Amino acid sequence: MADEDDTTNADLTPITVVTGFLGAGKTTLVNYILKEQRQWKIAVLENEFGEVAIDDGLVAESMDAPEDLITMDNGCVCCSVRGDLIRTLGQLSKRRKDFDAILLETTGLADPAPIVYTIQTNPKMSDNYKIDSIVCLADAKHLNLHLDEKKPDGAVNEALQQVAFADKILLNKIDLVTPEYKDALKERIRGINKFATVIETERSRAPLDKILGLNSFNMESILDYDPDFFDDESEKKKVHNLELVQSVGLKFEGDLHAQWFNMFMMDLLKERAADMYRTKGLLSFHGQGDTKFVFQGVHEQINFGPAQLPWGKDEKRINKFVFIGKNLDRKELTKGLMECLYIEEDAN
C-alpha cells in the first residue's frame, strides 16, 4: 500500500470490483480473501440479484466484524441500485480510513461500466475512492457455454462483457476440465481480451498479491503491457478471430496532431461508444516537448493526462493504443489514427 503522502491518488480508498457469472465462485473468492489474509482490513459490499441476499451469511462468517458487511439486495449494482451504491459508499466514506480496501462483489448479471462511471464522475465518489482493478471470475467448465449464448438482435451477452472489461481473469475450477480444454479456453479468452492477466485457480484460491492493491485500473497500466501485445497476431498466424468481442492493440512512431486526434476520438466515441468497452492510449503530441500522455476510457468516459515520467532523451516516440469492444476493425482504426499524425507540410 502506498504511503499517504505519495500522491493525492494514493490517499483514495481502492475498490476492487469482482464480476463473474452466477455460480462462477465469486462468494467463495470473497470468503477466501477474508479468511486467508490479515494484512488488509477490507470492507465488503455484496450485491445479489433478487429480493433475498442468499450469500451474505456465507461471507459474514468470515468477517472479523460482521456489522462491516453491507448488503444491497434489491437488484444489481449497475442497474436499479446504482443510487444505493452512491449512498452506501457515501456513508462508508466517513469510515473509509478504517479500511485498506473495498471489495464490491457484483451479481452475475452486472456490466461493470456503470459502476466505474459512477465512481469516476460523481465528485463525492472520486474524492474518496478509486477503482483498483476489475477482477472477473470465470468458470472453466461452463464459460464456453456462456460465451456462446446468443442474445436477440446481435446483443453482446454478459459473459463476453465481463471478460472484455476485466484487468484480471481468474480461470476457476480448472480441476474440472482437461489440460487441452483449458488451453483452448485460455486461447479463446485471449482472443477476446489479450490485455488481461489470466490466473488459473481451483476453488477460487488466487494469490492475493495478484488480485489486490495492484492499481491495474489506471491510465498508466498501458506502460506495463508486453510490446508483443501490439503486434497483429492475425497477420503472423493467419487466423481469423470470429468473436463478437475482441481486443486490438496498435502502435506506430511519430507525433500526433492534438486537434486531429481529439476529433478522431470524439467521432469514434460518438458513433461507437456502446461498442467500445475499454480504450487505452500512450501518446506523443507535436508541440508538447517531452511530455508523455496517457488515457483510459470505459465507453465514452475518458480520463486523460500526462504520464508520471516524460519521454526519455533517446526514447522512440511510439504511440500505443488498446481497443476492446464489439465489431472492431483493425484496418479502419489504424487508418484513422495514422491520419492523426503531424506532418510538417500540413502545419498550416
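A few points on the structure. (Residues numbered from 1 in each chain as written. Predicted model: local features only at pLDDT ≥ 70, side-chain atom pairs only at ≥ 80, totals over all residues. Heavy atoms only, no water.)

This part covers the pattern of salt bridges. Within the structure shown, the criterion is met by 14 salt bridges. For Lys-186, the salt bridge identified is with Glu-200, shortest N-O distance 2.8 Å. Residue Lys-186 is found in helix H8 (residues 179-192), and its partner Glu-200 is found in strand S7 (residues 197-200); the two are separated by 14 residues along the sequence. Between Arg-317 and Asp-290 there is a salt bridge, with its nearest N and O atoms 2.9 Å apart. With Arg-317 in the loop between strand S11 (301-306) and strand S12 (318-326) and Asp-290 in the loop between strand S9 (276-283) and strand S10 (293-298), this residue pair connects regions lying 27 residues apart in the sequence. Using a relative accessible area of 45% as the deciding quantity, one classes Asp-290 as partly exposed. Connected via shared salt-bridge partners are Asp-11, Arg-96 and Lys-97. (Salt bridge = Lys/Arg side-chain N within 4 Å of Asp/Glu carboxyl O. Helix = DSSP H or I, 4+ residues; strand = E, 2+ residues; numbered from the N terminus. Buried < 20%, exposed > 50% of the residue type's maximum accessible area, 1.4 Å probe, protein only.)

The subject of this paragraph is H8. Look at H8: 20 Å from first C-alpha to last across 14 residues, which is about the 20 Å you get at 1.5 Å a residue. Residues of H8 that are buried: Lys-182, Leu-185, Arg-188, Ile-189 and Ile-192. End-on, the buried residues of H8 take up no more than an arc of 120 degrees, which puts them together on one face. Among the exposed residues of H8, those pointing more than 90 degrees away from its buried face are Pro-179 and Glu-180. Contacts made by the buried residues of H8 are with helix H6 (143-148), helix H7 (158-165), strand S6 (168-172), S7, strand S8 (245-253) and S12. (Expected span 1.5 Å × (residues − 1). Arc of directions from axis to C-beta. Contact = heavy atoms within 4.5 Å.)

On to the nonpolar core. Ranked by internal contacts, the top residues of the largest apolar core, which has 54 residues, are Ile-15, Leu-89, Ile-102, Tyr-129 and Ile-169. Leu-250, Leu-269, Phe-321 and Leu-328 belong to the second largest nonpolar core, which has 21 residues in total. (Core = buried A, V, L, I, M, F, W, Y, C linked by side-chain atoms within 4.5 Å.)

Moving on: unusual backbone geometry. The backbone of Asn-215 shows a phi angle near 50 degrees, a positive value even though the residue is not glycine. If you trace the backbone, Asn-215 turns up in the loop between S7 and helix H9 (233-237). On the basis of relative accessibility, which here comes to 23%, the residue Asn-215 falls in the partly exposed class. Here Asn-327, not a glycine, exhibits a phi torsion of approximately 55 degrees, which is positive. Relative to the assigned elements, Asn-327 resides in the loop between S12 and helix H11 (330-338).

A few words now on the packing of aromatic side chains. For the coordinates displayed, the defined rule picks out 8 aromatic pairs. For the pair Phe-165 and Tyr-277, a centre-to-centre distance of 5.1 Å together with 20 degrees between the ring planes defines the contact as stacked. Taken as a pair, Phe-165 in helix H7 and Tyr-277 in strand S9 lie far apart in primary sequence, 112 residues in all. Judged on exposure class, the residue Phe-165 and its partner Tyr-277 are both buried. Measuring from centroid to centroid gives 6.1 Å for Phe-261 and Phe-295, while their planes differ by 50 degrees, and the two rings are tilted. Linking Phe-261 in helix H10 (residues 258-272) with Phe-295 in strand S10, this pair joins segments that are 34 residues apart in sequence. As far as burial versus exposure is concerned, Phe-261 and Phe-295 are alike and both buried. Taken together through their ring pairs, the aromatic side chains of Phe-252, Phe-261, Phe-285, Phe-293, Phe-295, Phe-304 and Phe-321 make up a single cluster. (Phe/Tyr/Trp six-rings, centres within 6.5 Å; stacked < 30°, edge-to-face > 60°.)

These figures capture arrangement, not role.
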